[in-house]
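Report on the structure
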Amino acid sequence: MIFVDACFKKETPYTPIWMMRQAGRYLPEYMEVRNKAGDFLTLCKNPEMAAEVTLQPVEILNVDAAILFSDILVIPLEMGMELRFEKGEGPVFDKPIRTKEDLNALYEYPEERLGYVYETIKLVRDKLPKEKALIGFSGAPWTLATYMVEGGGSKTYANIKKLIYTDPEFMHDLMRKITEAVKAYLIKQIESGVNAVQIFDSWASALEKEKFFEFSWDYMVDIAEFLKERYPHIPVILFPKGIGGYLDSIYGRFDVFGVDWGTPIELAKKHLSDRYVLQGNMEPTRLYSKEATREGVEKIVQTMGAKPGHIFNLGHGMLPDLPVENAKYLVELVHDLTKR
Ligand code: CP3
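Summary of the structure given here.

Scoring rules and cut-offs
- Residues numbered from 1 in each chain as written.
- Predicted model: local features only at pLDDT ≥ 70, side-chain atom pairs only at ≥ 80, totals over all residues.
- Heavy atoms only, no water.
- Helix = DSSP H or I, 4+ residues; strand = E, 2+ residues; numbered from the N terminus.
- Rg over C-alpha atoms; globule rule 2.2 N^0.38 Å.
- Contact = heavy atoms within 4.5 Å.
- Areas by Shrake-Rupley, 256 points an atom, 1.4 Å probe, with all protein chains shown as cover.
- Lys, Arg positive; Asp, Glu negative; His and termini not counted.
- Charge placed at Lys NZ, Arg CZ, Asp CG, Glu CD.
- Buried < 20%, exposed > 50% of the residue type's maximum accessible area, 1.4 Å probe, protein only.
- Patch = residues over 30% accessible without salt bridge, like charges linked within 9 Å, V, L, I, M, F, W, Y side chains within 5 Å.
- Salt bridge = Lys/Arg side-chain N within 4 Å of Asp/Glu carboxyl O.
- Near = heavy atom within 4 Å.
- Polar contact = N/O pair within 3.5 Å; in protein donor to acceptor, adjacent residues only side chain to side chain.
- Nonpolar A, V, L, I, M, F, W, Y, C, P; charged D, E, K, R; others polar.
- Core = buried A, V, L, I, M, F, W, Y, C linked by side-chain atoms within 4.5 Å.
- Pairing = 2+ DSSP bridges.
- Axes fitted to C-alpha atoms, helices over the stretch in contact; angles between N-to-C directions.
- Arc of directions from axis to C-beta.

**A look at the overall build of the chain**
If you tally the helices and strands in the chain, you get 14 helices and nine strands. Rg of the C-alpha trace for the chain: 19 Å, near the compact-globule value of 20 Å for 340 residues, within the 12% margin. C-alpha extents for the chain along the principal axes are approximately 55 × 45 × 40 Å. For the chain, restricting intrachain contacts to residue pairs at least 6 apart in sequence, the fraction spanning at least 24 positions comes to 73%. Of the roughly 14,100 Å² of accessible surface on the chain, 49% is carried by carbon and sulfur atoms. The averaged location of the 50 negative side-chain charges in the chain is 2 Å from the averaged location of its 42 positive side-chain charges.

**A word on the environment of Pro91**
Within the secondary structure, Pro91 is located in strand S3 (residues 90-93). Exposure remark for Pro91: the relative accessible area of 15% places this residue in the buried category. In sequence terms Pro91 and Thr285 are 194 residues apart; their C-alpha atoms lie 23 Å from each other. When residues no more than four places from it in sequence are discounted, the contact partners of Pro91 are Leu73, Leu83, Arg84, Phe85, Tyr147, Gly151, Gly152 and Gly153.

**Notes on a negative patch on the surface**
A grouping of Glu29, Glu32, Glu52 and Glu59 is seen on the molecular surface, where their side chains present a negatively charged patch. Secondary structure elements with two or more residues in the negative patch: helix H2 (28-37) and helix H4 (47-61). Secondary-structure assignment places Glu59 in helix H4. Glu59 sits in the exposed class, given a relative accessible area of 60%.

**Examining the site of the ligand**
Not every one of the 21 residues close to the ligand is listed here, only the nearest: Arg25, Tyr30, Arg34, Asp71 and Ser202. The contact in question runs from an oxygen atom of the ligand to an N or O atom on the side chain of Arg25, over 2.4 Å. Contact between the ligand and His316: an oxygen atom at 2.7 Å from a side-chain N or O atom of the residue. Burial of the ligand by the protein amounts to 87% of the accessible area it has alone, namely 880 Å². Residue composition of the shell around the ligand, by class: 13 nonpolar, four polar and four charged.

**Description of the side chain of Asn313**
Within the fold, Asn313 resides in strand S9 (residues 310-314). Apart from the residues lying within four places of it in its own chain, the contact partners of Asn313 are Trp18, Met19, Met20, Gln279, Gly280, Asn281 and Met282.

**Details of the nonpolar core**
Counting 129 residues, the largest nonpolar core has Phe3, Met19, Trp217, Ile250, Phe257 and Leu330 as its most contacted members. A per-element tally of this core places helix H10 (residues 168-192) first, with eleven residues. What Ile250 contacts, discounting residues up to four positions off in sequence, is Phe213, Trp217, Ile243, Phe257, Leu272, Arg275 and Tyr276.

**Focus: the sheet that holds strand S4 (residues 133-139)**
Strand order in the open sheet formed by seven strands is S1-S4-S5-S6-S7-S8-S9, with parallel pairing between adjacent strands. With one partner strand each, in any of the chains shown, strand S1 (65-67) and S9 form the two edges of the open sheet. The average undirected angle you get between the axes of adjacent strands in this sheet is 25 degrees. Pairing of strand S5 (residues 196-201) with strand S6 (residues 236-240), which is carried by five bridges, proceeds in the parallel orientation. Within the sheet, the bridge partner assigned to Val197 lies in S6 and is Val236. Contacting S5, S6 and strand S7 (256-258), helix H11 (residues 209-230) crosses the sheet at an angle of about 170 degrees to S6. Together, strand S8 (277-282) and S9 form the strand contacts of helix H13 (residues 290-304), whose direction differs from that of S8 by roughly 160 degrees.

**Remarks on the side chain of Thr120**
Structurally, Thr120 is set in helix H7 (residues 115-127). The buried category is assigned to Thr120, whose relative accessible area is 1%. Polar contacts involving the side chain of Thr120 include one to the main-chain carbonyl oxygen of Tyr116, which spans 2.8 Å. Excluding its chain neighbours within four sequence positions, the residues that come into contact with Thr120 are Pro47, Ala50, Ala51, Thr54 and Leu68.

**Focus on the pattern of salt bridges**
Evaluated as defined, the whole model comprises 18 salt bridges. Here Arg275 ties to Asp274 by a salt bridge, and the two come within 4.0 Å at their closest N and O atoms. Linked by salt bridges that have partners in common, Arg84, Glu86 and Asp94 make up one network.

**Remarks on H2**
Those residues of H2 not exposed but buried are Tyr30, Val33 and Ala37. Seen along its axis, H2 keeps its buried residues to an arc of 70 degrees; they face one direction. For H2, exposure combined with an orientation more than 90 degrees from the buried face picks out Pro28, Glu32, Asn35 and Lys36. Buried positions along H2 lie against helix H3 (40-45) and H4.

What follows is the structure in structure tokens.
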């Protein structure tokens, strides 16, 4: 598989590409299945439908990897937290985790209740062409914790950050509980057939450097090392968003570092490319314009070269109303410009 080879810095015929949030609302084919399902969570829990939308971007855009269609919040959901998605508001947990009692009430083994995800993986791997990879994923413990404590998206992260400074022991108890669940969940994804895993730390940027390493990065690396110990042939990709200022301190056993669009890729190259393959990092909004897309691709390819060490991606997720045609153009362009 070209994508897996690229994760291990092996020679490939071109630089592979996939896009974060490549399955979603900008695809009319996705909207059709979602409307049939009724709502987003029902779609996630229906393996046939979830498999169908996982495969769509591979068929429509010709990306080199599919990413499992699900959501990072199925872990807190299956720990027993009621979850709803509100139009315009995003995810909401009406009863957030704030006390020791709340924490103790969380079910410890959500991976046992996530059979619908493993079923989706099996269906996708069955139908996906052999040369295309299937990426499994989880939210990073820190990002999951922000949703669980704040009760949804947040601008300030005031509740969870207050806990970091006033009750760090409680925070570490919470982080450990989530971390153990993520390990078990990713192991089950691997055993169901995914070819790589990515851990999304979307809200890494909410923390100052010292607290980022203590409450987020150390837990992510613990998971990565746990997986590499057991399944060394499965690439592990870490995507901590918004920590371009902390690149001089990145360490740990994993394979690919996901670079967000706010971090200049030449800076990531300088600090990390001798130890990790880099993935990224075109600003997703460029996709509204073909010229802006071409300019973005050329700059990244110039920096990273048409050679091992790079996987093309966006620097964060696709937006819900991007023109599909431009996404197809991006994939063709990357394949074309990086041909060896
Ligand atoms: O990348 C993919 O195509 C695979 C599927 C995927 C989804 N969410 C589907 C989804 C993945 C990998 C995620 C990860 C995810 N979910 C993250 C980390 C990545 C990132 O974007 O930073 C986060 C923070 C979430 C939590 C989440 N889920 C939010 C904040 C929202 C609402 C966002 C919005 O734009 O409304 C979701 C819902 C969600 N997850 C949608 C999709 C396709 C939109 C649901 C819909 O209305 O159909």
